[in-house]
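Chain by chain, the residues:
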Amino acid sequence: QVQLVESGGGLVQAGGSLRLSCAASGRTFSLYIMGWFRQAPGKEREFVAGISGRGGSTYYTDSMKGRFTISRDNAKNTVYLQMNSLKPEDTAVYYCAADWSFGRSDRISSLTAEYDYWGQGTQVTVSS
């Protein structure tokens, strides 16, 4: 089992940047595919980006490509989401999630149902 704690959210003006962090407990962090999702008020939770266990592969929703970068530091049990050129429509609660990948392919899923553990979320608000 793993516990996830996000941090780094806040209020930023359009065009600004934020870096979110997600710290994980446990000793098997590298065996989890990690994902970032977001949920805006009145909308479904949507996939933002994912990264394979050793960090060799990443996957982004098309609208985030070029603006957001996911990375991880397995020595620190932490995954990051660098967000640049933020827009008001990026306003949402951002969640990190862990998908146990031991013994199967390292395919990064964009489906919420594929992820086993979730953090509590961190609010990102982008003002115009």
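Now for a look at the structure at hand. If you're wondering where the values come from, they're calculated on a predicted model, not measured in any experiment.

### Considering the side chain of Arg72
Assignment of secondary structure puts Arg72 in strand 7 (residues 68–73). Buried Arg72, no salt bridge; nearest opposite-charge side chain is Asp106, N-O distance 7.1 Å. Reaching out from Arg72, the side chain makes a polar contact with the backbone oxygen of Phe29 at a distance of 2.9 Å. At 2.7 Å, the side chain of Arg72 forms a polar contact with the side chain of Asn74. The residues contacting Arg72, other than those within four sequence positions of it, are Phe29, Ser30, Tyr32, Ile33, Met34, Ile51, Ser52, Gly53, Gly55, Thr78, Val79 and Tyr80.

### Looking at the environment of Asn77
Turning to its location among the elements, Asn77 is positioned in the loop between strand 7 and strand 8 (78–83). The class for Asn77 is buried, based on a relative accessible area of 15%. Along the chain, Asn77 and Gly42 lie 35 residues apart, while their C-alpha atoms are 32 Å from each other. Not counting residues up to four positions away in its chain, the partners in contact with Asn77 are Cys22, Ala23, Ala24, Ser25, Gly26 and Phe29. At a separation of 2.6 Å, a polar atom in the side chain of Asn77 contacts the main-chain carbonyl oxygen of Gly26.

### Focus: the side chain of Thr122
Of note, Thr122 is situated in strand 11 (residues 122–127). For Thr122, a relative accessible area of 11% puts it in the buried group. Ignoring sequence-local partners within four residues, the contact set of Thr122 consists of Glu6, Ser7, Gly8, Gly9, Leu20, Ala92, Val93 and Tyr94.

### Topic: the pattern of salt bridges
Tallied over the full model, the rule gives four salt bridges. The closest approach of N and O atoms between Asp90 and Arg38, which form a salt bridge, is 2.8 Å. With Asp90 in the loop between strand 8 and strand 9 (92–100) and Arg38 in strand 4 (residues 32–39), the pair connects residues that are 52 residues apart, well separated along the chain. Between Asp62 and Lys65 there is a salt bridge, with its nearest N and O atoms 3.3 Å apart. Here the residues in one salt-bridge network are Arg38, Glu46, Arg67 and Asp90, joined through shared partners.

### Digging into the nonpolar core
Among the nonpolar cores identified, the biggest contains 29 residues, and Met34, Trp36, Leu81, Met83 and Tyr94 are the most heavily contacted of them. For this core, the secondary structure elements donating two or more residues are strand 3 (18–24), strand 4, strand 5 (46–51), strand 7, strand 8, strand 9 and strand 11. Phe37, Ala97, Ile108 and Tyr115 belong to the second largest nonpolar core, which has six residues in total.

### Observations regarding the environment of Leu4
Here Leu4 lies in strand 1 (residues 4–7). Note on Leu4: relative accessible area 6%, which makes it buried. If we ignore the near neighbours within four places in the chain, the residues touching Leu4 are Cys22, Ala23, Ala24, Met34, Cys96, Ala97, Ala98, Tyr117, Trp118, Gly119 and Gln120.

### Digging into the state of the cysteines
Scanning the entire structure with this criterion turns up one disulfide. Covalently, Cys22 is tied to Cys96 through a disulfide, its sulfur atoms 1.9 Å apart. Note on the Cys22 and Cys96 pair: the S-S dihedral is about 45°, so by sign convention the disulfide is right-handed. Note that Cys22 is positioned in strand 3 and Cys96 in strand 9, a separation of 74 residues in sequence. Across the pair, exposure class does not vary: Cys22 and Cys96 are buried alike.

About the thresholds
- Residues numbered from 1 in each chain as written.
- Predicted model: local features only at pLDDT ≥ 70, side-chain atom pairs only at ≥ 80, totals over all residues.
- Heavy atoms only, no water.
- Helix = DSSP H or I, 4+ residues; strand = E, 2+ residues; numbered from the N terminus.
- Buried < 20%, exposed > 50% of the residue type's maximum accessible area, 1.4 Å probe, protein only.
- Lys, Arg positive; Asp, Glu negative; His and termini not counted.
- Salt bridge = Lys/Arg side-chain N within 4 Å of Asp/Glu carboxyl O.
- Polar contact = N/O pair within 3.5 Å; in protein donor to acceptor, adjacent residues only side chain to side chain.
- Contact = heavy atoms within 4.5 Å.
- Core = buried A, V, L, I, M, F, W, Y, C linked by side-chain atoms within 4.5 Å.
- Disulfide = S-S within 2.5 Å.

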